[in-house]
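Each chain is listed here by its residues.
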Amino acid sequence: EAQVTQNPRYLITVTGKKLTVTCSQNMNHEYMSWYRQDPGLGLRQIYYSMNVEVTDKGDVPEGYKVSRKEKRNFPLILESPSPNQTSLYFCASTGQGSYEQYFGPGTRLTVT
Amino acid sequence: QKEVEQDPGPLSVPEGAIVSLNCTYSNSAFQYFMWYRQYSRKGPELLMYTYSSGNKEDGRFTAQVDKSSKYISLFIRDSQPSDSATYLCAMNSASNSGYALNFGKGTSLLVTP
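Residues numbered from 1 in each chain as written. Chains lettered and ligands numbered in written order. Predicted model: local features only at pLDDT ≥ 70, side-chain atom pairs only at ≥ 80, totals over all residues. Heavy atoms only, no water.

Draft legend 1. Looking closely at the overall build of chain A. Looking only at helices and strands, chain A has 0 helices and 11 strands in total. Helices and strands appear in chain A in the N-to-C order β-β-β-β-β-β-β-β-β-β-β. Counting only C-alpha atoms and orienting by the principal axes, one finds that chain A spans roughly 40 × 25 × 25 Å. In chain A, the proportion of contacts linking residues at least 24 apart, taken out of those at least 6 apart, comes to 53%. Only carbon and sulfur atoms are counted for the fraction: they give 49% of the accessible area of chain A, which is about 5400 Å². Between the centroid of the 12 positive side chains of chain A and the centroid of its 10 negative side chains there is a distance of 7 Å. (Helix = DSSP H or I, 4+ residues; strand = E, 2+ residues; numbered from the N terminus. Contact = heavy atoms within 4.5 Å. Areas by Shrake-Rupley, 256 points an atom, 1.4 Å probe, with all protein chains shown as cover. Lys, Arg positive; Asp, Glu negative; His and termini not counted. Charge placed at Lys NZ, Arg CZ, Asp CG, Glu CD.)

As structure tokens, this is what we get:
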């Protein structure tokens, strides 16, 4: 089954404790992206990757890091999480030349 | 001004009603227009896709694009409780295909039995 998976689905952590949210897709897609979704603000892109070892900032990159060492994986790293990073996070992927983004199920992060 | 504007609702309608969801945009370069549906606690899923102006129909759903007015619509006929979800419009220019979508904030729809 074609899918984008994210782990963990739910995470409660404390300020300053480094965490990683994993994202994996099995569709051999070149393009992957991370979004955060907040009430009243909608989906905002954090980082995206056009292919392996190629990443770039989206609209709200501050406080986040990403890496793309393998085509299928695109982890999101919060080196020192803060309460304003409490949000619902989505990973998405798109095949080359396609218009459709496939979204993962989301990761709900709470930073206390 | 945000590039894509969408009324967040919530919109509540009785079962069987015709629903109209709308977005406006400011970037005249946008040519690809999409509607995503997001159920509670799920990721968005592509519902409809339209290129340039015109209408596209898929079952009970019709997507309409008016580029001269920079206005897109999604119509749902004979709405069902299972249509209750958040609907997000998305669009981009021809230069970057599906890589960098510009999303509206989403409209929350509730269809009551």
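Draft legend 2. View of the packing of aromatic side chains. Scanning the model with the defined rule gives 12 aromatic pairs over all chains in all. With a centroid separation of 5.9 Å and an interplanar angle of 65°, the aromatic rings of Tyr64(A) and Tyr89(A) are classed as edge-to-face. In this pair, Tyr64(A) sits in the loop between strand 6 (54-57) and strand 7 (65-66) while Tyr89(A) sits in strand 9 (residues 87-94), placing the two residues 25 residues apart along the sequence. Judged by its relative accessible area of 5%, Tyr64(A) is buried. The exposure class assigned to Tyr89(A) is buried, which follows from its relative accessible area of 1%. Among the aromatic residues, those joined into a cluster by ring pairs are Tyr35(A), Phe90(A), Phe103(A), Tyr36(B) and Phe103(B). (Phe/Tyr/Trp six-rings, centres within 6.5 Å; stacked < 30°, edge-to-face > 60°. Buried < 20%, exposed > 50% of the residue type's maximum accessible area, 1.4 Å probe, protein only.)

Draft legend 3. Structural context of the sheet that holds strand 6 (residues 54-58) of chain B. All names here are of chain B. In space, the 5 strands of this open sheet follow the order 1-3-8-7-6, with antiparallel pairing throughout. Strand pairing shows two members of the sheet lacking a second neighbour, strand 1 (4-6) and strand 6, which therefore form its edges. The mean inter-strand angle of the sheet, taken between neighbouring strand axes irrespective of direction, is 15°. With 6 bridges joining them, strand 3 (residues 19-25) and strand 8 (residues 71-76) adopt antiparallel strand pairing. When the bridges of strand 8 are listed, Ser 20 appears paired with Phe 75. (Pairing = 2+ DSSP bridges. Axes fitted to C-alpha atoms, helices over the stretch in contact; angles between N-to-C directions.)

Draft legend 4. Region of the structure containing the layout of surface pockets. As a volume, the largest pocket reaches approximately 550 Å³. Gln37(A), Pro39(A), Leu88(A), Gln38(B) and Thr86(B) are, among the 22 residues lining the largest pocket, the residues nearest its centre. Elements with a minimum of two residues in the lining of the largest pocket: strand 4 (31-38) and strand 9 of chain A together with strand 9 (85-93) and strand 11 (107-112) of chain B. The computed volume of the second largest pocket comes to approximately 360 Å³. Lining the second largest pocket are 17 residues, and of these Ala2(A), Tyr102(A), Phe103(A), Pro44(B) and Glu45(B) sit closest to its centre. (1 Å grid on protein atoms, 1.4 Å probe; cavity = no way out; pocket = protein on both sides within 12 Å on 5 of 7 lines; lining within 4 Å. Points joined across faces, edges and corners; volume = space filled by probe spheres on them.)

Draft legend 5. Examining the environment of Tyr99(A) more closely. Here Tyr99(A) is to be found in the loop between strand 9 and strand 10 (102-103). Tyr99(A) sits in the partly exposed class, given a relative accessible area of 31%.

Draft legend 6. Local environment of the sheet that holds strand 1 (residues 4-7) of chain A. All names here are of chain A. The strand order 1-3-8-7 describes an open sheet built from 4 strands, whose pairing is antiparallel. Of all the strands in the sheet, the pair left with one neighbour each is strand 1 and strand 7. Across 4 bridges, strand 1 lies against strand 3 (residues 19-25) in antiparallel orientation. If you follow Val 4 over to strand 3, its bridge partner there is Gln 25.

Draft legend 7. The pairing of strand 9 of chain A, seen in detail. Residue and element names in this part refer to chain A. Taking burial as the measure, the 8 residues of strand 9 include 8 buried ones, the bulk of the element. Residues Ser 87, Tyr 89, Cys 91 and Ser 93 point to one face of strand 9 and Leu 88, Phe 90, Ala 92 and Thr 94 to the other, with burial holding for every one of them. In terms of strand pairing, strand 4 meets strand 9 through 7 bridges, oriented antiparallel. Its bridge partner being in strand 9, Tyr 31 is matched across the sheet by Thr 94. Bridge count for strand 9 against strand 11 (residues 107-111) is 3 bridges, and the pairing is antiparallel. The residue of strand 11 that forms the bridge with Leu 88 is Arg 108. Pairing between strand 9 and strand 10: 2 bridges, direction antiparallel. Its bridge partner lying in strand 10, Ala 92 is registered against Phe 103.

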